[in-house]
Amino acid sequence: AESWLKRMTERYETTQNDKIQPDTTSFNSVIHAYANISKNARGAPKRALRAEQLIKQMERLYRSGENDKVKPDVISYSAAVNAYARAAVQDDRCATRAMEILDRMVVLFKRGDKGVKPNKRTYTSLINAFARIGKPITADEILSKMKKL
């Protein structure tokens with residue numbers, strides 16, 4: 001999936017054809033691909049990291065003005081949270097990283113970016129991450145946070 005995105009980017013740079021310029025949906029498709037590979041498949045933590053790196057690339061492209069069509073949204077961030085949540089079965093630290101992404105979403109939302117407000121899917125993924133690593137109290141605390149936002 002990522003090679004498809006890379007080809008799209010290269011073709012756009014060559015042709016400047018707006019119809020093939022990568023956008024948020026293009027990036028989200030790749031991030032989702034990383035998130036939806038089996039949680040038991042080897043390398044899940046690395047795929048989750050790659051999903052997060054794609055979001056950082058989107059943020060960089062958007063902020064720089066290089067591509068104003070790639071602003072990360074709730075779908076982007078939630079997919080990365082889900083990727084880390086699924087990877088938590090292989091590496092407990094992934095649950096913490098998923099929490100950090102959710103915290104970033106909350107900060108961005110409170111600063112006025114309404115397009116990144118965490119939703120039920122975001123919170124459910126995070127709750128599952130902590131449940132998978134045997135931390136039900138943390139999972140319950142996340143549920144409480146969800147009710148406050």
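Overview of the structure. (Residues numbered from 1 in each chain as written. Predicted model: local features only at pLDDT ≥ 70, side-chain atom pairs only at ≥ 80, totals over all residues. Heavy atoms only, no water.)

1. Some points on the environment of Arg-42
The criterion, for reference: The numbering of helices and of strands both runs from the N terminus, where a helix is a DSSP run of H or I of at least 4 residues and a strand a run of E of at least 2. Per-residue accessibility, obtained with a 1.4 Å probe over protein chains only, is compared with the maximum for each type, and a residue is labelled buried under 20%, exposed over 50%, and partly exposed between these values. By the convention used here, residues are in contact when the closest approach between their heavy atoms is within 4.5 Å.
Tracing the backbone through its elements, the reader meets Arg-42 in the loop between helix H2 (24–35) and helix H3 (44–64). Looking at Arg-42, the relative accessible area reads 79%, which means it is exposed. Along the primary structure Arg-42 and Val-89 are separated by 47 residues, whereas in three dimensions their C-alpha atoms are 11 Å apart. Look past the residues within four positions of Arg-42 in its chain and what remains in contact with it is Arg-47 and Gln-90.

2. Topic: helix H6 (residues 120–132)
Heads up, the rule is: Working rule for helices: expected span equals 1.5 Å times residues minus one. Polar contact is the term for a pair of N or O atoms within 3.5 Å; when the atoms are in protein, one must be able to donate a hydrogen and the other to accept it, and sequence-neighboring residues count only if both atoms are side-chain atoms.
Taking 1.5 Å as the rise per residue, H6 with 13 residues should run 18 Å; its terminal C-alpha atoms sit 18 Å apart, in good agreement. Along H6, the residues that are buried comprise Thr-122, Tyr-123, Ser-125, Leu-126, Ile-127, Ala-129 and Phe-130. Structurally, H6 contributes buried residues whose contacts are with helix H4 (74–87), helix H5 (93–110) and helix H7 (136–148). Capping the start of H6, Asn-119 holds a side-chain oxygen 3.1 Å from the backbone nitrogen of Arg-121, two or three residues further along. Phi for Gly-134, located one or two positions after H6, is positive at around 75 degrees.

3. Some words on the side chain of Thr-24
Looking at the element boundaries, Thr-24 is found in helix H2. Residue contacts for Thr-24: discarding those within four places in its chain leaves Met-58, Lys-69, Val-70, Lys-71, Asp-73 and Ser-76.

4. Re the pattern of salt bridges
The following threshold applies: Salt bridges, as used here, are contacts in which a Lys or Arg side-chain nitrogen is within 4 Å of a carboxyl oxygen on Asp or Glu.
Enumeration according to the criterion identifies 8 salt bridges in this entry. Residue Lys-71 pairs with Asp-113 through a salt bridge whose shortest N-O separation is 2.7 Å. Placement of Lys-71 in the loop between H3 and H4 and of Asp-113 in the loop between H5 and H6 is noted, with a sequence separation of 42 residues between them. Between Arg-97 and Glu-100 there is a salt bridge, and its shortest N-O distance comes to 2.2 Å.

5. Describing the packing of H2 against H3
This is how it is decided: Axis definition: a line fit to C-alpha positions, over the contact stretch in the case of helices; interaxial angles, taken between N-to-C directions, run 0 to 180 degrees. Angle categories: roughly parallel below 35 degrees, roughly antiparallel above 145, roughly perpendicular from 65 to 115, and oblique for all the rest. Two helices cross in a left-handed way if the nearer one is turned anticlockwise from the farther one by less than a right angle. They cross in a right-handed way if the turn is clockwise. When residues are sorted by character, Ala, Val, Leu, Ile, Met, Phe, Trp, Tyr, Cys and Pro go into the nonpolar class, Asp, Glu, Lys and Arg into the charged class, and all the rest, Gly among them, into the polar class.
Where H2 contacts H3, the two axes come as close as 8 Å, and the packing angle between them is 165 degrees. Between H2 and H3, the angle is such that the two are roughly antiparallel. Helix-helix and strand crossings are classified by hand; for H2 and H3 the assignment is left-handed. Taken together, the residues of H3 that come into contact with H2 (itself represented by Thr-24, Phe-27, Asn-28, Val-30, Ile-31 and Tyr-34) are Arg-47, Arg-50, Ala-51, Leu-54, Ile-55, Gln-57, Met-58 and Leu-61. Grouping the amino acids of the contact of H2 with H3 by side-chain chemistry returns 9 nonpolar, 3 polar and 2 charged.

6. Brief notes about the packing of H4 against H5
In contact at an axis separation of 7 Å, H4 and H5 are set at 165 degrees when each is read in the N-to-C sense. What the angle tells us is that H4 and H5 run roughly antiparallel. The two elements H4 and H5 meet at a crossing, and its hand is left-handed. Of the residues in H5, those in contact with Val-74, Tyr-77, Ser-78, Ala-80, Val-81, Tyr-84, Ala-85 and Ala-87 of H4 are Cys-94, Ala-95, Arg-97, Ala-98, Ile-101, Leu-102, Arg-104, Met-105 and Leu-108. Per-class residue counts for the contact of H4 with H5 are 14 nonpolar, 1 polar and 2 charged.

7. Things to note about unusual backbone geometry
With a phi angle near 60 degrees, Gln-16 is a residue other than glycine that sits in the positive phi range. With respect to the helices and strands, Gln-16 occurs in the loop between helix H1 (2–15) and H2. Gln-16 gets classed as partly exposed once you look at its relative accessible area, which sits at 49%.

8. Some thoughts on the environment of Gln-90
Mapping Gln-90 onto the fold places it in the loop between H4 and H5. In this structure Gln-90 comes out as partly exposed when scored by relative accessible area, which is 35%. For the pair Gln-90 and Pro-45, spaced 45 residues apart in the sequence, the C-alpha separation amounts to 7.2 Å.

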